[in-house]
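Residues per chain are reported as follows:
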Amino acid sequence: MARKLALALVLVVSTSVVLAGTPADASSSPATPGAVGAGDPYYPLDGNGGYDVKHYDLAIRYAPSSDALAGVVTIRAVATQRLSAFNLDLDGLTIRSVTVDGRPAKWSRDATELTVTPRRSLGKGHVFDTRIVYDGVPKVIRDPDLGDGGAFTTDDGVVILGEPDVAQAWFPSNDHPSDKASFSIALTVPKDLQAISNGVPAGRSTARGWSTWRWEQREPMATYLAMAAIGKFDVTSYRKNGIQFLDAIDPALPAETYARVAKSFAREPEILRFLSGCFGPYPFRGAGGIVDADGEWDYALENQGRPIYTPQDFDTQEDGDSVVVHELAHQWYGDSVALERWRGIWLNEGFASYAEWLWSEHEGLETAQQIFDRRYATPATSSLWKSKVADPGPPNLFIGAVYNRGAMTLHALRLTVGDQKFFRILRSWAQIHRNGNVTTEEFIALAEHISGRDLGALFTAWLYTPSKPALPVATSRAG
Ligand code: ARG
Ligand code: ZN
């Protein structure tokens, strides 16, 4: 055993030394191209196979006068097989050059697939840097079912956000949430504009009329959660409870909307404290929110550490607070604990919606039980009861049932196992899978493990059966 271990160590050390100079694999296994997709049946071409991204370094200049960006992206990845070639996802834009480990590489494009063929094959386990120089006007990816994602030009800049597809509209990436990585993001913009991104600020410099805003997202992040908001914002930043807060509000908002946004954002530390009490410690170093006065997207999104909202989210103070709670709850469920497959979307939306129920009760408004009862009273013919929440199908990722019946599923679990075990399940889920990827099957297994009960029938009825489930039987309400 010990000798084998020592030998393995020597091999690991010597392999990395050898590979540092020569990417070619000395082993006899043939080099093959990595898969063109991550294997998600909802979006077969999203993501790719054969490697695992560790870090994205994005250096992107954006010119509002032409809406064009010019980027240099360096992707550090480890090969998970011996690779003759590998794919990245990129939708639009023009590639100027590609290198792998500093050497020019061949590349070709077919729709959203960019195939890179390095000069020599990459051995399994080899860590390699792919550097891509590119430019162009980033697009809006239109999706009549889900809503649009991509680069939305605003009156004074651009906001880039979307789910599930957005990253491939602005940088070459392994664009699937199953491959999370850390990010360094440097955005260069005319010096009278701000450029906000994920994580924590890492400095700003100005030269010849352009400012570079640097952001560090150290905890791994799914590609769709990477964002940029460029324009004129009132930026507020402060440190509280060990978290670096940074909010950006567009001064062009109508005064009443602006006031409500500012008031909801000012509650972020309080909201995070409340959610931490329910779910465990906040998973990231940075937090905050962004509102731009005019963009044509029509949803809030839980961009890691710094969600983006629409002005309409703040039509009332109560709604504004609630959507901030929703997006901040996603930091635990969706961002830190991310999807392995898109079919598991209820693990994001059901959980974030349930956080709104908990908040409502905390605020002295409707209790979680009252919200459950109100929704349960929905007639059996309603669309709420007609989908398989844990596998809704690609056009139905964001239908109401995923949110509401997803949250109801959690409440049904709570009624079944009792409060104490229920909150232990939620906290363990966030803790065990922090910075990881998950499936519904894993959640069911954890709930059964912690409760010591067979919950198959409960979850089958609530998540997989397109009809109205019976009310759960509360055996031990006190847990
Ligand atoms: N995840 C977002 C939320 O928190 C919704 C995103 C909707 N995406 C879309 N393409 N319409 O509710
Ligand atoms: Zn959500």
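These numbers come from a predicted model, not from an experiment.

What counts as what
Residues numbered from 1 in each chain as written. Chains lettered and ligands numbered in written order. Predicted model: local features only at pLDDT ≥ 70, side-chain atom pairs only at ≥ 80, totals over all residues. Near = placed C-beta within 6 Å. Helix = DSSP H or I, 4+ residues; strand = E, 2+ residues; numbered from the N terminus. Nonpolar A, V, L, I, M, F, W, Y, C, P; charged D, E, K, R; others polar. Domains from an automatic or database assignment. Pairing = 2+ DSSP bridges. Contact = placed C-beta atoms within 7 Å. Buried ≥ 20, exposed ≤ 12 C-beta atoms within 10 Å, placed from the backbone. Arc of directions from axis to C-beta.

J.: What exactly am I supposed to notice about the site of ligand 1 here?
T.: Close to ligand 1 lie 13 residues, the nearest being Leu-146, Gly-147, Glu-163, Tyr-299 and Phe-398. Element by element, the count of residues in the shell around ligand 1 is highest for helix α4 (residues 317-332), at three residues. Residue classes in the shell around ligand 1 are distributed as six nonpolar, four polar and three charged. Split by domain, the residues of the shell around ligand 1 number at least three in each of domain 1 (45-232) and domain 2 (234-331).

J.: Would you mind going over the sheet that holds strand β8 (residues 113-117) with me for this structure?
T.: Backbone hydrogen bonds hold the strands of a sheet together, and the pairing may be parallel or antiparallel. Taken in spatial order, the four strands of this open sheet run β1-β4-β8-β7, and their pairing is mixed. Looking at the sheet topology across the chains shown, the edges are occupied by β1 (32-33) and β7 (106-110).

J.: I would appreciate a short explanation of the domain arrangement of the protein in the present structure.
T.: Frequently, the measure chosen for interface size is the accessible area removed from exposure when the parts meet. One can read the domain layout of the protein as domain 1 (45-232), domain 2 (234-331) and domain 3 (342-464). Once you take the C-alpha centre of each, domain 1 and domain 2 turn out to be 25 Å apart. Contacts between the two partners involve 23 residues from domain 1, matched on the other side by 25 residues from domain 2. Counting residues per element, the ones that place at least two in the side of domain 1 that touches domain 2 are β12 (158-161), β14 (194-196), β15 (200-207), β16 (210-221) and β17 (228-231). It is β16 that contributes the most residues to the side of domain 1 that touches domain 2, four residues altogether. Per-class residue counts for the side of domain 1 that touches domain 2 are 10 nonpolar, seven polar and six charged.

J.: Just checking my understanding: could you explain the sheet that holds β15 for this structure?
T.: With mixed pairing, the eight strands of this open sheet are ordered in space as β6-β5-β9-β3-β2-β13-β16-β15. Every other strand in the sheet has two partners, leaving β6 (103-104) and β15 as the edge strands with one partner each. Of the strand pairs in this sheet, strand β3 (residues 68-79) and strand β9 (residues 127-136) are connected by 10 bridges, and their pairing is antiparallel. Note that in β9 the partner of Ala-70 across the bridge is Asp-135.

J.: Explain helix α10 (residues 456-464) here, please?
T.: Residues Leu-458, Phe-459, Trp-462 and Leu-463 constitute the buried set of α10. Looking straight down α10, one finds that the buried residues subtend no more than 90° of arc, so they occupy a single side. Opposite the buried face of α10, by more than 90 degrees, sit the exposed residues Gly-456, Ala-457 and Tyr-464. Of the surrounding elements, those touching the buried residues of α10 are α5 (346-362), α7 (400-417) and α9 (440-451).

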